[in-house]
Amino acid sequence: METDEDAEGVESTVDYQIEELIDRRTEEIEERIDDLQADLEEVDNYARISLGERRVKGTEANLAEFSESLTDFADRTFTKTNALESQLEIQRLLLAEMLEALAAADIEVDVSDVEQHQEGQLVMSASPEERLHEAMEKHSTD
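Criteria and thresholds
- Residues numbered from 1 in each chain as written.
- Predicted model: local features only at pLDDT ≥ 70, side-chain atom pairs only at ≥ 80, totals over all residues.
- Heavy atoms only, no water.
- Patch = residues over 30% accessible without salt bridge, like charges linked within 9 Å, V, L, I, M, F, W, Y side chains within 5 Å.
- Areas by Shrake-Rupley, 256 points an atom, 1.4 Å probe, with all protein chains shown as cover.
- Salt bridge = Lys/Arg side-chain N within 4 Å of Asp/Glu carboxyl O.
- Helix = DSSP H or I, 4+ residues; strand = E, 2+ residues; numbered from the N terminus.
- Buried < 20%, exposed > 50% of the residue type's maximum accessible area, 1.4 Å probe, protein only.

Turning our attention to a nonpolar patch on the surface. Taken together, the side chains of Leu95, Leu99, Val109, Val111 and Val114 present a nonpolar region at the surface, about 380 Å² in accessible area. The topology assignment puts Leu99 in helix 1 (residues 4-104). The exposure class assigned to Leu99 is partly exposed, which follows from its relative accessible area of 37%.

What follows is the structure, encoded as structure tokens:
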């Protein structure tokens, strides 16, 4: 027959084995949780890097598109500027020919409006110091 002591000994051995089993299972679960957390961190890092790379690629694509657009704009502007310069040169040549023809025909041309306009343009393109110096010269000669 089993005595109370024997029953307590068996009970404590069973309790010990149950605790050992629980501890082992708990350790296994904790290890799996640690492994899963490491995997999750790795996936999270990959996602961040991937997102960063996609942003960089998107920015590079936008920059390339903007650069191409800017180059096209510069080309169009350059073409238009060349056309305007060509037209201005033709106008200068025509004006010079007309003035020569008028001078040859002994016809006087009143260019005072043109001279006045040129002086106004010089004043506008001159720096404030240059305009002050010019005004002082005019005042001192008057």
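Don't stop here, the text continues.
A few words now on unusual backbone geometry. Located in the positive-phi region is Asp106, a residue other than glycine, with phi close to 60°. Residue placement: Asp106 occurs in the loop between helix 1 and helix 2 (112-125). What makes Asp106 exposed here is its relative accessible area of 72%.

The full count for this structure, using the stated rule, is 2 salt bridges. Across the pair Arg48 and Asp44 runs a salt bridge, and its minimum N-O distance is 2.7 Å. Taken as a pair, Arg48 and Asp44 lie in helix 1 at a separation of 4 residues, close to a single helical turn. Its relative accessible area of 55% is what places Arg48 among the exposed residues. On the accessibility criterion, Asp44 (34% relative accessible area) is partly exposed. With a shortest N-O distance of 3.1 Å, Arg92 and Glu89 are connected by a salt bridge.

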